[in-house]
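Okay, here's what each chain looks like letter by letter:
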Amino acid sequence: QWDPATAGAFLRRNWDWFWTSFNGMQFLFGRVIGVVVSAFADVAALDEFRAFFADKDVAAAEAQIEQAYDDVRAAARWRLQSQKDDIGAWLAVHC
C-alpha cells in the first residue's frame, strides 16, 4: 500500500543519498520528488514538505515539483467544493 507520509519521510531521511545517486539525472530526480509530492492528499502535509525543500537545490526538478503542488492544491479545492453541502449541514447542527 502506497503511503505518501511514509514515502515523504523516507525521501527526507535519505535526501543525501537521493541527491548523490541522481546527480546528473535531474529529470529522474524531479520525477521521484514529483511522485512523492503528488501523493499528498492535504495542503498541510504539502506545505510541510515544501518547507523541507526551501534550502535544497532542486532547480532542475522545480517544474515537476510545482506541477505536483498544483495538482494537490486542485484536488484539495475539489474535495472542499464537493463536500460543501455536507460541511454546511454539519455546521448547522453543531454550531
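Just above, that's the structure.
Quick look at the structure, then. (Residues numbered from 1 in each chain as written. Predicted model: local features only at pLDDT ≥ 70, side-chain atom pairs only at ≥ 80, totals over all residues. Heavy atoms only, no water.)

### Details of the overall build of the chain
Operational definition: Helix and strand labels come from DSSP, where a helix needs a run of H or I of at least four residues and a strand needs a run of E of at least two; each type is numbered from the N terminus. Throughout, the radius of gyration refers to the C-alpha atoms, and the reference size of a globule is 2.2 Å times the residue count to the power 0.38. Residue burial is assigned from relative accessible area. The probe radius is 1.4 Å, only protein chains are included, and a residue is buried under 20% of its type maximum, exposed over 50%, and partly exposed in between.
When you go through the chain residue by residue, the secondary structure sums to six helices and zero strands. Written out in order from the N terminus, the α and β elements of the chain read α-α-α-α-α-α. Since a compact globule built from 95 residues should have a radius of gyration of about 12 Å, the 16 Å found for the chain marks it as more spread out than a globular shape. Seen along its three principal axes, the alpha-carbon backbone of the chain occupies a region of about 55 × 25 × 25 Å. Out of the 95 residues belonging to the chain, those deemed buried represent 28%.

### Details of the pattern of salt bridges
Stated formally: Each salt bridge in this description consists of a side-chain nitrogen of Lys or Arg and a carboxyl oxygen of Asp or Glu lying within 4 Å of one another.
If you walk through the whole model with that rule in mind, you get four salt bridges. The shortest N-O distance in the salt bridge between R50 and E66 comes to 2.5 Å. Note that R50 is positioned in helix α4 (residues 43-53) and E66 in helix α5 (residues 62-82), a separation of 16 residues in sequence. For R50, a relative accessible area of 33% puts it in the partly exposed group. Residue E66 is classed as partly exposed on the basis of its relative accessible area of 24%. Close ionic contact of D70 with R73 constitutes a salt bridge, the shortest N to O distance being 2.6 Å. Taken together, the positions of D70 and R73, both in helix α5 and three residues apart, correspond to about one turn of that helix. A relative accessible area of 26% places R73 in the partly exposed class.

The values reported here are purely geometric and, on their own, carry no functional implication.
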